[in-house]
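What follows is the residue order along each chain.
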Amino acid sequence: MQLLAVTIPIDPVGPLWLGAVLLVGLFGAFQAYYWIGRKLGEKLYDSRIGTRLGRERIAKIEHIVERWGALAVYGCFWVPMLRHTLPWVAGALRVSYPWYVVASALGCLTWAPIWWLGLTALVFGWFELAARSPITAVVVGVAVVSGVVAFFAWRRKKRASQAA
(Lines give C-alpha, C1' and ligand atoms only; values in the text may rest on other atoms or scores of the structure.)
Protein backbone atom coordinates (compact mmCIF):
# COMPACT_ATOMS: atom_id res chain seq x y z
CA MET A 1 0.00 0.00 0.00
CA GLN A 2 1.40 3.34 -1.02
CA LEU A 3 0.45 6.20 1.28
CA LEU A 4 2.27 9.02 -0.42
CA ALA A 5 3.04 9.32 -4.08
CA VAL A 6 5.41 12.13 -4.91
CA THR A 7 6.11 12.99 -8.50
CA ILE A 8 9.01 15.36 -8.94
CA PRO A 9 10.02 16.21 -12.48
CA ILE A 10 13.73 15.50 -12.54
CA ASP A 11 15.74 17.65 -14.91
CA PRO A 12 19.43 16.90 -14.37
CA VAL A 13 20.51 20.19 -15.92
CA GLY A 14 18.02 22.37 -14.07
CA PRO A 15 16.75 25.61 -15.52
CA LEU A 16 19.44 26.75 -17.90
CA TRP A 17 18.36 30.37 -17.60
CA LEU A 18 19.36 30.26 -13.93
CA GLY A 19 22.80 29.00 -14.95
CA ALA A 20 23.05 31.91 -17.40
CA VAL A 21 22.10 34.33 -14.63
CA LEU A 22 24.88 32.82 -12.47
CA LEU A 23 27.35 33.26 -15.32
CA VAL A 24 26.42 36.90 -15.96
CA GLY A 25 26.29 37.70 -12.24
CA LEU A 26 29.71 36.20 -11.64
CA PHE A 27 31.19 38.12 -14.57
CA GLY A 28 29.60 41.33 -13.27
CA ALA A 29 30.96 40.72 -9.78
CA PHE A 30 34.46 40.23 -11.14
CA GLN A 31 34.24 43.52 -13.04
CA ALA A 32 33.01 45.28 -9.89
CA TYR A 33 35.89 43.78 -7.86
CA TYR A 34 38.39 45.03 -10.42
CA TRP A 35 37.03 48.57 -10.53
CA ILE A 36 36.72 48.79 -6.76
CA GLY A 37 40.34 47.73 -6.49
CA ARG A 38 41.39 50.17 -9.18
CA LYS A 39 39.46 53.08 -7.67
CA LEU A 40 40.41 52.52 -4.04
CA GLY A 41 43.91 51.18 -4.68
CA GLU A 42 46.04 51.38 -1.56
CA LYS A 43 43.03 52.16 0.66
CA LEU A 44 41.84 48.58 0.21
CA TYR A 45 44.74 47.27 2.21
CA ASP A 46 43.59 49.24 5.25
CA SER A 47 39.93 48.22 4.81
CA ARG A 48 38.23 45.56 6.92
CA ILE A 49 38.82 42.93 4.22
CA GLY A 50 42.44 43.95 3.81
CA THR A 51 43.19 43.86 7.53
CA ARG A 52 41.37 40.56 7.92
CA LEU A 53 43.40 38.96 5.13
CA GLY A 54 46.63 40.39 6.42
CA ARG A 55 49.36 42.23 4.59
CA GLU A 56 51.45 39.08 4.06
CA ARG A 57 48.61 37.23 2.28
CA ILE A 58 47.91 40.24 0.10
CA ALA A 59 51.62 40.45 -0.73
CA LYS A 60 51.51 36.79 -1.86
CA ILE A 61 48.50 37.55 -4.06
CA GLU A 62 50.28 40.61 -5.46
CA HIS A 63 53.26 38.44 -6.33
CA ILE A 64 50.97 35.99 -8.17
CA VAL A 65 49.34 38.84 -10.13
CA GLU A 66 52.68 40.46 -10.94
CA ARG A 67 54.12 37.16 -12.12
CA TRP A 68 51.16 35.78 -14.08
CA GLY A 69 49.09 38.87 -14.91
CA ALA A 70 45.70 38.18 -16.46
CA LEU A 71 46.38 34.44 -16.48
CA ALA A 72 46.25 34.58 -12.67
CA VAL A 73 42.73 35.98 -12.99
CA TYR A 74 41.67 32.90 -14.93
CA GLY A 75 43.38 30.60 -12.44
CA CYS A 76 41.82 32.27 -9.42
CA PHE A 77 38.41 30.82 -10.32
CA TRP A 78 39.69 27.41 -9.26
CA VAL A 79 41.17 28.49 -5.90
CA PRO A 80 38.52 29.46 -3.30
CA MET A 81 40.55 32.05 -1.37
CA LEU A 82 41.89 33.73 -4.49
CA ARG A 83 38.52 33.85 -6.22
CA HIS A 84 37.37 36.83 -4.15
CA THR A 85 40.64 38.58 -3.39
CA LEU A 86 42.72 38.43 -6.55
CA PRO A 87 40.34 40.54 -8.70
CA TRP A 88 40.51 43.60 -6.49
CA VAL A 89 44.27 43.21 -6.09
CA ALA A 90 44.48 43.05 -9.90
CA GLY A 91 42.56 46.32 -10.02
CA ALA A 92 44.79 47.93 -7.41
CA LEU A 93 47.87 46.80 -9.37
CA ARG A 94 46.25 48.09 -12.58
CA VAL A 95 46.42 44.88 -14.59
CA SER A 96 45.56 45.59 -18.23
CA TYR A 97 41.77 45.80 -18.28
CA PRO A 98 41.23 44.27 -21.75
CA TRP A 99 43.27 41.23 -20.70
CA TYR A 100 41.45 41.14 -17.37
CA VAL A 101 38.08 41.07 -19.16
CA VAL A 102 39.21 38.22 -21.42
CA ALA A 103 40.61 36.21 -18.50
CA SER A 104 37.56 36.78 -16.29
CA ALA A 105 35.17 35.94 -19.15
CA LEU A 106 37.03 32.69 -19.86
CA GLY A 107 37.05 31.90 -16.15
CA CYS A 108 33.30 32.50 -15.90
CA LEU A 109 32.63 30.43 -19.01
CA THR A 110 34.54 27.45 -17.66
CA TRP A 111 33.95 27.60 -13.90
CA ALA A 112 30.27 28.59 -13.70
CA PRO A 113 28.86 25.77 -15.84
CA ILE A 114 30.84 23.15 -13.93
CA TRP A 115 29.66 24.58 -10.62
CA TRP A 116 26.09 24.97 -11.85
CA LEU A 117 25.82 21.48 -13.32
CA GLY A 118 27.50 19.91 -10.31
CA LEU A 119 25.27 21.71 -7.83
CA THR A 120 22.08 20.97 -9.74
CA ALA A 121 23.11 17.32 -10.05
CA LEU A 122 23.47 17.17 -6.26
CA VAL A 123 20.16 18.95 -5.61
CA PHE A 124 18.17 16.94 -8.12
CA GLY A 125 19.89 13.75 -7.00
CA TRP A 126 18.73 14.49 -3.46
CA PHE A 127 15.17 15.11 -4.76
CA GLU A 128 15.31 11.77 -6.56
CA LEU A 129 16.45 10.12 -3.35
CA ALA A 130 13.66 11.88 -1.42
CA ALA A 131 11.08 10.65 -3.93
CA ARG A 132 12.27 7.07 -3.54
CA SER A 133 13.10 7.02 0.17
CA PRO A 134 12.21 10.08 2.26
CA ILE A 135 13.81 8.66 5.40
CA THR A 136 17.13 8.08 3.63
CA ALA A 137 16.96 11.61 2.20
CA VAL A 138 16.47 13.05 5.69
CA VAL A 139 19.38 11.00 7.02
CA VAL A 140 21.60 12.17 4.15
CA GLY A 141 20.52 15.79 4.68
CA VAL A 142 21.24 15.62 8.41
CA ALA A 143 24.62 13.99 7.74
CA VAL A 144 25.59 16.70 5.23
CA VAL A 145 24.51 19.55 7.52
CA SER A 146 26.30 17.91 10.47
CA GLY A 147 29.44 17.51 8.38
CA VAL A 148 29.39 21.17 7.32
CA VAL A 149 28.83 22.35 10.90
CA ALA A 150 31.62 20.06 12.16
CA PHE A 151 33.99 21.33 9.47
CA PHE A 152 33.40 24.99 10.37
CA ALA A 153 33.69 24.25 14.10
CA TRP A 154 36.98 22.42 13.47
CA ARG A 155 38.27 25.28 11.34
CA ARG A 156 37.31 27.87 13.96
CA LYS A 157 39.01 25.82 16.69
CA LYS A 158 42.12 25.45 14.54
CA ARG A 159 42.29 29.22 13.91
CA ALA A 160 41.80 29.96 17.60
CA SER A 161 44.63 27.60 18.54
CA GLN A 162 46.90 29.18 15.93
CA ALA A 163 46.10 32.67 17.21
CA ALA A 164 46.88 31.66 20.81
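Structure's up top.
Residues numbered from 1 in each chain as written. Predicted model: local features only at pLDDT ≥ 70, side-chain atom pairs only at ≥ 80, totals over all residues. Heavy atoms only, no water.

1. Some details on the side chain of R83
This is how the line gets drawn: Think of it this way: any DSSP run of H or I at least four residues long counts as a helix, any run of E at least two long counts as a strand, and we number them from the N terminus. To sort residues, take the accessible area from a 1.4 Å probe on protein chains only and compare it with the maximum for the residue type: under 20% means buried, over 50% means exposed, and anything in between is partly exposed. Positive: Lys, Arg. Negative: Asp, Glu. His and the chain ends are not part of the count. The salt bridge definition used is simple: a Lys or Arg side-chain nitrogen within 4 Å of an Asp or Glu carboxyl oxygen. Polar contacts, as used here, are pairs of N or O atoms within 3.5 Å; protein pairs need one atom able to donate a hydrogen and one able to accept it. Residues neighboring in sequence count only if both atoms are side-chain atoms. A contact between two residues is defined here by any heavy atoms of the two lying within 4.5 Å.
Among the structural elements, R83 can be located in helix 5 (residues 80-92). One buried charged side chain, R83, makes no salt bridge at all; its nearest oppositely charged neighbour is E62, positioned 20 Å away. Looking at R83, its side chain comes within polar contact range of the main-chain oxygen of F77, at 3.0 Å. Setting aside residues up to four positions removed in sequence, R83 forms contacts with F30, Y33, C76, F77, W78 and W111.

2. Details of the packing of helix 6 (residues 97-132) against helix 7 (residues 134-163)
Cut-off, in case you're wondering: Geometry is summarised by axes, namely lines fitted to C-alpha atoms with helices restricted to the contacting stretch, and by angles between N-to-C directions that run from 0 to 180 degrees. When describing relative orientation, an angle under 35 degrees is termed roughly parallel and one over 145 degrees roughly antiparallel, while 65 to 115 degrees is termed roughly perpendicular and anything else oblique. Side-chain classes are defined by residue name, with Ala, Val, Leu, Ile, Met, Phe, Trp, Tyr, Cys and Pro counting as nonpolar, Asp, Glu, Lys and Arg as charged, and the others, Gly among them, as polar.
Helix 7 packs onto helix 6 with a crossing angle of 140° between their chain directions and a minimal axis gap of 5 Å. Relative to helix 7, the element helix 6 is oriented oblique. Judged by residue contacts, W126, L129, A130 and R132 of helix 6 engage P134, T136, A137, V140 and G141 from helix 7. Grouping the amino acids of the contact of helix 6 with helix 7 by side-chain chemistry returns six nonpolar, two polar and one charged.

3. Some remarks on the packing of aromatic side chains
Put simply, the test is: In this analysis, rings of Phe, Tyr and Trp, with Trp reduced to its six-membered ring, are considered paired at centre separations within 6.5 Å, and the interplanar angle assigns stacked below 30 degrees, edge-to-face beyond 60, and tilted for intermediate values.
The full count for this structure, using the stated rule, is 13 aromatic pairs. Ring geometry for F151 versus W154: centroids 6.0 Å apart, planes at 40°, classification tilted. One end of the pair, F151, and the other, W154, are both in helix 7, three residues apart, so they sit about a helical turn from each other. Judged by its relative accessible area of 39%, F151 falls in the partly exposed class.

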